[in-house]
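Now for the letters of each chain:
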Amino acid sequence: MNNLITISGRIGSDPELKFLPSTGNAVCEFSLAHGRRKRDGDQWVDDTTHWFRIVSWKKLAEMTANLPKGTAVRVTGTHVAPSAAISTAPTPVLRRRKK
């Protein structure tokens, strides 16, 4: 099972670049707005906007930190559910495949 997703949208907040004190690795966080548009008669109207928190690491973090709010981007990465959702969900059983 692979939880790789791709989201396109616009950066909703200025990226925040930090460096981990233990390793010195760069970490960049920003919000991403993904909104759909739908047809209402002869006009296009905005539908619900979904917000995602994006975290990039190392060299990619340093590059992402230079992108201003409002920039259109496409992000591909691993989806991690919020901790509240994880704590209420049943614990999955993980097994390694035999080679």
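Residues numbered from 1 in each chain as written. Predicted model: local features only at pLDDT ≥ 70, side-chain atom pairs only at ≥ 80, totals over all residues. Heavy atoms only, no water.

Novice: Account for the nonpolar core, naming residues and giving values.
Specialist: In terms of nonpolar packing, the biggest core is built from 7 residues, these being Ile7, Ile11, Phe30, Leu32, Ile54, Val73 and Val75. With residues near it in sequence (within four places) discarded, Leu32 still touches Ile7, Gly9, Arg10, Ile11, Gly12, His50, Trp51, Phe52, Ile54, Val73 and Val75. (Core = buried A, V, L, I, M, F, W, Y, C linked by side-chain atoms within 4.5 Å. Buried < 20%, exposed > 50% of the residue type's maximum accessible area, 1.4 Å probe, protein only. Contact = heavy atoms within 4.5 Å.)

Novice: How would you sum up the environment of Lys58? Please name residues and give values.
Specialist: Examined against the element boundaries, Lys58 turns out to sit in helix α1 (residues 58-64). Between the C-alpha atom of Lys58 and that of Val27, which follows or precedes it by 31 residues, the distance is 6.3 Å. For Lys58, the residues in contact, after removing those within four places along its chain, are Asn25 and Ala26. (Helix = DSSP H or I, 4+ residues; strand = E, 2+ residues; numbered from the N terminus.)

Novice: Tell me about the pairing of strand β1 (residues 4-11), and name the residues and values.
Specialist: Two faces, one strand: in a regular strand the side chains alternate between the faces of the sheet. Where β1 lies against strand β5 (residues 72-78), 7 bridges are found, and the strand directions are antiparallel. Bridge pairing in β5 links Thr6 to Thr76. Strand direction decides the pairing type here: β1 and strand β3 (residues 26-40), joined by 2 bridges, are antiparallel. Looking across to β3, one finds that Arg10 is bridged to Ala33. (Pairing = 2+ DSSP bridges.)

Novice: I'd like to hear about the side chain of Ser31, residue by residue, with values.
Specialist: Residue placement: Ser31 occurs in strand β3. The class for Ser31 is buried, based on a relative accessible area of 18%. Not counting chain neighbours up to four residues away, the residues in contact with Ser31 comprise Arg10, Ile11, Gly12, Ser13, Trp51 and Phe52.

Novice: Explain the pairing of strand β4 (residues 43-57) to me, and be specific about the residues and the numbers.
Specialist: By the bridge criterion, 13 bridges tie β3 to β4 in an arrangement that is antiparallel. Each residue of the ladder has a partner; that of Lys38, found in β4, is Val45. Connecting β3 to the next strand, β4, in antiparallel fashion are 2 residues, including Gly41 with a positive phi near 70 degrees.

Novice: Explain the pattern of salt bridges to me, and be specific about the residues and the numbers.
Specialist: Enumeration according to the criterion identifies 4 salt bridges in this entry. Note that Glu16 is salt-bridged to Lys18, the shortest N-O span being 3.4 Å. The salt bridge partner of Arg36 is Asp47, with a shortest N-O separation of 3.4 Å. One end of the pair, Arg36, is in strand β3; the other, Asp47, is in strand β4, and 11 residues separate them in sequence. (Salt bridge = Lys/Arg side-chain N within 4 Å of Asp/Glu carboxyl O.)

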